[in-house]
Amino acid sequence: MSLKQKIKNKIKNISLIQKVVRSHEIKQWERFPSQIGIESTSRCNAQCITCEHKNMKRSKQDMSMELYKKIINECSRYKHLIKNLSLSFMGEPLLDKNIFKKIKIAKKQGIKSVSFICNGSLLNEEKAKRLIDSGIDVIIFSVDGATKKSYEKVRIGLNYENVISNIKRFIELKKKVKSKKPIISIDMVQTKFNEGETEPFKRQWEDLVDEVVVRPLHIWGGKTIDKELLDYSKNILRFNSQLRYSCFYLWKSMFISQNGKTALCCVDAECKESYGDVSRNSIKNIWQGEKLKKLRKLHLCGKFNKIPLCSRCNFYLAKEAPWWWT
């Protein structure tokens, strides 16, 4: 059976009412992104084997306050449509000296959920206090291992004991000042180095933080660190190799690099598939623009090979199917 026929069969099984409701919701999503990733900085102090940052050729610097304020000012007009605004993409947010100010600006403008992903290595006591004071809603700490050996095999350039100590001190400080925010999540990516550590990792953190997440390794749109990791990623995602579906990121998330160029999604490290530049245009115009409409149409038609990044991507296997598909 052809891909087109499989898609038609799936559509037939959806009731008319479901089609009308879902069509309306998709149109709502196309008004403005519900999730926005702003790269506060593209600099990083680590060379993790699971990340494309060390191979990244584009400029590594902080987003200017001028550009950041332009983005937040527009976001404030659509804050009722934004579920989350993340101040991270391909860099370590705590390298940005203005990160605390940027968080406060977003919160002052009424953005209901502000977050970032952090490696925890730079989180000293002063920064911990400033983070809590900033009003940030969610912090995701990436800790890719339950032991020093596995962690430092993945997180090249970082020290396991230092990171664990920093995170635990932050947790204690949050308790001490009786702050409900930020929600703290601990994240581990499965690799060949931390095999068998999933349950120990969960036990290590489940009583300390709000959420523990273990994710399968994806291959960054076909660019990965070495052949062994590529094979490992394909192997652990093989269980989920059903019919490919349209990627919900095209309807859900906009990722903005430090200079304003959009990335197609979170695996487009080099912004090779950029569909706009928010330093020259508005988020709304870009989000509703013809270039992104064309990319969405290619996905809906199952023509993933027409988009170079998507043709090599296996990240969709690590995620659930979008609600309109199932």
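The sections below set out a description of the structure shown in this document. (Residues numbered from 1 in each chain as written. Predicted model: local features only at pLDDT ≥ 70, side-chain atom pairs only at ≥ 80, totals over all residues. Heavy atoms only, no water.)

### Re a positive patch on the surface
For clarity, the cut-off: Residues forming no salt bridge and having over 30% relative accessible area are the ones grouped into patches, like charges within 9 Å of each other and nonpolar side chains (Val, Leu, Ile, Met, Phe, Trp, Tyr) within 5 Å. Accessibility throughout is a Shrake-Rupley quantity obtained with a 1.4 Å probe, and a residue counts as covered only by protein chains that appear here. The term salt bridge refers to a pairing of a side-chain nitrogen on Lys or Arg with a carboxyl oxygen on Asp or Glu at a separation within 4 Å. For the purpose of charge, His is not counted, nor are the chain termini; Lys and Arg are scored as positive and Asp and Glu as negative. Charged groups are reduced to one reference atom each: NZ for lysine, CZ for arginine, CG for aspartic acid, CD for glutamic acid. In this description a helix means any DSSP run of H or I spanning at least four residues, a strand means any run of E spanning at least two, and both kinds are numbered starting from the N terminus.
On the surface, Lys57, Lys60, Lys272 and Arg312 cluster together into a positively charged patch. Examined against the element boundaries, Lys272 turns out to sit in the loop between β8 (262–263) and α11 (283–287).

### Thoughts on the pairing of strand β1 (residues 35–38)
This is how it is decided: Between any two strands, at least two bridges found by DSSP are needed for them to pair. A crossover gets the label right-handed when its path from the first strand over the helix to the second runs clockwise, viewed with the strands pointing away from the viewer.
Here three bridges tie β1 to strand β2 (residues 84–86), and the two strands are oriented parallel to one another. Within β2, the position partnered with Gly37 by the bridge is Ser86. Following the backbone out of β1, through helix α3 (residues 65–77) and into the adjacent parallel β2, one traces a crossover that is right-handed. The pairing of β1 with strand β7 (residues 253–256) spans four bridges and is parallel. By the bridge assignment, Ile38 is partnered in β7 with Ile256.

### Details of the sheet that holds strand β6 (residues 211–215)
Note the threshold: Here, residues are in contact when the closest pair of their heavy atoms is within 4.5 Å. Here an axis means a line fitted to C-alpha atoms, over the contact stretch when the element is a helix, while the angle between two N-to-C directions is reported on a 0 to 180 degree scale.
Across the sheet, which stays open at both edges, the eight strands sit in the order β6-β5-β4-β3-β2-β1-β7-β8 with mixed pairing between neighbours. Taken across any chain shown, the strands that pair with only one partner, and hence form the sheet edges, are β6 and β8. Across five bridges, the pairing between strand β5 (residues 183–189) and β6 is parallel. Across the sheet, residue Asp187 finds its bridge partner in β6, namely Val213. Its contacts with the sheet put helix α7 (residues 160–176) on β4 (138–142) and β5, and the angle it makes with β5 is roughly 160°.

### Section: unusual backbone geometry
Rule in force here: Relative accessibility under 20% of the residue-type maximum defines a buried residue, over 50% an exposed one, and the middle range a partly exposed one, all with a 1.4 Å probe and only protein chains included.
With an omega of 0°, the peptide bond running from Lys181 to Pro182 counts as cis. Tracing the sequence through the fold places Pro182 in the loop between α7 and β5. At Lys178, a position not held by glycine, the phi torsion is positive, near 55°. Locating Lys178 in the fold gives a position in the loop between α7 and β5. For Lys178, a relative accessible area of 76% corresponds to the exposed category. Of note, the phi angle at Cys271 is positive, near 60°, even though the residue is not glycine.

### Some points on the pattern of salt bridges
Applying the stated criterion to the full structure yields 15 salt bridges. Here Asp144 makes a salt bridge to Arg155, at a shortest N to O gap of 3.0 Å. Of this pair, Asp144 sits in the loop between β4 and α6 (148–154) while Arg155 sits in the loop between α6 and α7, placing them eleven residues apart in sequence. The pair Asp144 / Arg155 is uniform in exposure class, with both members buried. A salt bridge links Glu290 to Lys293; the nearest nitrogen and oxygen atoms lie 3.6 Å apart. Pair noted here: Glu290 and Lys293 are both in helix α12 (residues 290–300), with a separation of three residues, about one helical turn. Given the relative accessible area of 42%, Lys293 is considered partly exposed. By sharing partners, the salt bridges in this structure join Lys107, Asp137 and Lys181 into a single network.

### Focus: α3
The condition that has to hold: Take the number of residues in a helix, subtract one, and multiply by 1.5 Å to get its expected span.
Given a rise of 1.5 Å per residue, 13 residues ought to cover 18 Å, and the 19 Å separating the end C-alpha atoms of α3 matches this to within 8%. Looking at α3, one finds that the buried residues are Met65, Leu67, Tyr68, Ile71, Ile72, Glu74, Cys75 and Ser76. The inward-facing, buried residues of α3 contact β1, β2, α4 (99–108), β7 and α11.

### As for the packing of α3 against α4
Note the threshold: The cut-offs work like this: below 35 degrees is roughly parallel, past 145 is roughly antiparallel, 65 to 115 is roughly perpendicular, and the gaps in between are oblique. Helix crossings are classified by the rotation of the near helix relative to the far one: an anticlockwise turn of less than a right angle makes the crossing left-handed, while a clockwise turn makes it right-handed. Throughout, the ten residues Ala, Val, Leu, Ile, Met, Phe, Trp, Tyr, Cys and Pro are labelled nonpolar, Asp, Glu, Lys and Arg are labelled charged, and all others, Gly among them, are labelled polar.
As a packed pair, α3 and α4 sit with axes 10 Å apart at the nearest point and diverge in direction by 20°. By the angle class used here, α3 and α4 are roughly parallel. The element α3 and its partner α4 pack so that their crossing is right-handed. On α4, the residues that touch Met65, Tyr68, Lys69 and Ile72 of α3 are Lys101, Lys102, Ile103, Ile105 and Ala106. Class assignment of the residues belonging to the contact of α3 with α4 gives a composition of six nonpolar, no polar and three charged.

Keep in mind these values describe shape, not function.
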